[in-house]
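What the coordinates show
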Amino acid sequence: MAELQEVQITEEKPLLPGQTPEAAKEAELAARILLDQGQTHSVETPYGSVTFTVYGTPKPKRPAILTYHDVGLNYKSCFQPLFQFEDMQEIIQNFVRVHVDAPGMEEGAPVFPLGYQYPSLDQLADMIPCVLQYLNFSTIIGVGVGAGAYILARYALNHPDTVEGLVLINIDPNAKGWMDWAAHKLTGLTSSIPEMILGHLFSQEELSGNSELIQKYRNIITHAPNLDNIELYWNSYNNRRDLNFERGGDITLKCPVMLVVGDQAPHEDAVVECNSKLDPTQTSFLKMADSGGQPQLTQPGKLTEAFKYFLQGMGYMASSCMTRLSRSRTASLTSAASVDGNRSRSRTLSQSSESGTLSSGPPGHTMEVSC
């Protein structure tokens, strides 16, 4: 019998007809740069056109991370400090990201004509299926702030099978009452639209301190070329309907949820009330000290660690390198995770940047961490 010879075969990416290896490398490099910069798309919906930017490539059997920004911001001014944070890179390497801009909020957006009927928040939520259909994405993990958090919560109520998890920052699930409406009208008589929006985004303490961050965002909103569009989005937010969450009722979020709010933030009471209405076995509550009204801008490191922990609780990134927050909890959580390590484990988180106190699980279960 003839002696068998071992032959080593090296797999190579096939070249296009007439393409040289150098040209193939240049094309691959250009594609990577394009992915790093993001690919912006627009899609028509029953309520108008919506623009969104995609970063990365879809990962098998993993949802997309889809973000929605607050009033007065776009996806860059709302989320860029968070997603460019060093520790966040491990997360974004594992998920494709879709950043949705509300209509007329994208960079370079033309001003809508006088009399334009801006979509309601419910209609903005109904635009999301068109985005996912365009991209051929089946499920998402939503990350929303303020008005964007409301929109993603409404979408999750209407399409629960497509939402694997939600991170809702500064959500107010309630419609404005008569007293709120009257106060809003009175404020409008003495304050400009930019000042009212700044009061929605930041605490009074932050606005009085007039830090560099406040000056930056006051300048962004006050001199926004699409300020008329921003006012339309602001009006839609103030005319939102009640989400009617009811603990133990039929109207509730069925996926894991992490609620986030800054200590002394304008929406602290609303987020606390929202937490009381959601399923405690599915909901985590993170109150962040020293973070003001926009935790994703002021405390991206702590929010990144909480987000990573949230994803790990959903069964993703199990082999992720341990952060300081995760390392400090490993010993305390091992026994609990072995008994009840599924997605439905109840988690309540509260975090302080001064004392480093974080509680996880049923009330009274407290651990000291170093942040």
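Predicted model, so just to flag it, every value in this text is computed and none were measured.

**Focus: the side chain of serine 77**
In this fold, serine 77 is placed in helix α2 (residues 75–83). Given the relative accessible area of 14%, serine 77 is considered buried. Beyond its immediate chain neighbours, meaning those up to four positions away, serine 77 contacts Tyr217 and Leu297.

**Re the packing of aromatic side chains**
Under the defined criterion, the tally for this structure stands at 10 aromatic pairs. Relative to tyrosine 116, the ring of phenylalanine 112 has its centre 4.1 Å away and its plane inclined at 10°; by these criteria the two rings are stacked. In this structure an aromatic cluster arises from ring pairing among Phe112, Tyr116, Tyr118 and Tyr233. Its guanidinium or amino end placed over the ring of phenylalanine 95, arginine 62 lies 5.3 Å from that ring's centre, counting from NZ or CZ. Sitting over the ring of tyrosine 237, arginine 240 keeps its end group 4.2 Å from the ring centre.

**With respect to the packing of helix α7 (residues 193–201) against helix α10 (residues 227–238)**
The packing of two helices is summarised by the inter-axis angle and the distance between the axes. Viewed as axis vectors pointing N to C, α7 and α10 meet at an angle of 50°, and their least axial separation amounts to 11 Å. It follows from the interaxial angle that α7 and α10 lie oblique. In this structure, α7 crosses over α10, and the sense of that crossing is left-handed. Residues Ile193, Pro194, Met196, Ile197 and His200 of α7 lie in contact with α10, whose contacting residues are Leu227, Ile230, Glu231, Trp234 and Tyr237. Across the contact of α7 with α10, the residue classes tally to eight nonpolar, one polar and one charged.

**As for the pairing of strand β8 (residues 283–288)**
For β8, a buried count of five out of six residues is recorded, marking the element as mostly surrounded by other parts of the structure. Sheet topology note: the strand β7 (residues 257–262)/β8 ladder contains six bridges and is parallel. Paired with methionine 258 across the two strands is serine 284, which belongs to β8. In this fold, β7 hands off to helix α11 (residues 268–277), which returns the chain to β8; that crossover is right-handed.

**Concerning unusual backbone geometry**
With phi around 60°, asparagine 244 is a residue other than glycine that occupies positive phi space. Tracing the chain through its elements places asparagine 244 in the loop between α10 and β7. The class for asparagine 244 is partly exposed, based on a relative accessible area of 46%. Unusually for a residue other than glycine, aspartate 290 sits at a positive phi of about 55°.

**What about the environment of serine 203?**
Along the polypeptide, serine 203 turns up in the loop between α7 and α8 (204–209). Judged by its relative accessible area of 7%, serine 203 is buried. Once the C-alpha coordinates of serine 203 and glutamine 264 are considered, the two residues, 61 residues apart in sequence, prove to be 6.8 Å apart.

**Brief notes about helix α13 (residues 300–313)**
Taking 1.5 Å of rise per residue, the 14 residues of α13 would be expected to cover 20 Å, and the 20 Å separating its terminal C-alpha atoms lies within 8% of that figure. Counted residue by residue, α13 has 13 buried out of 14 residues, so it is predominantly covered. Glycine 315 sits one or two positions beyond α13 and adopts a positive phi of about 100°.

Reading the values: the criteria
- Residues numbered from 1 in each chain as written.
- Predicted model: local features only at pLDDT ≥ 70, side-chain atom pairs only at ≥ 80, totals over all residues.
- Heavy atoms only, no water.
- Helix = DSSP H or I, 4+ residues; strand = E, 2+ residues; numbered from the N terminus.
- Buried < 20%, exposed > 50% of the residue type's maximum accessible area, 1.4 Å probe, protein only.
- Contact = heavy atoms within 4.5 Å.
- Phe/Tyr/Trp six-rings, centres within 6.5 Å; stacked < 30°, edge-to-face > 60°.
- Lys NZ or Arg CZ within 6 Å of the ring centre and 35° of its normal.
- Axes fitted to C-alpha atoms, helices over the stretch in contact; angles between N-to-C directions.
- Parallel < 35°, antiparallel > 145°, perpendicular 65-115°, else oblique.
- Left-handed = near helix turned anticlockwise from the far one by under 90°.
- Nonpolar A, V, L, I, M, F, W, Y, C, P; charged D, E, K, R; others polar.
- Pairing = 2+ DSSP bridges.
- Right-handed = clockwise from strand over helix to strand, strands pointing away.
- Expected span 1.5 Å × (residues − 1).

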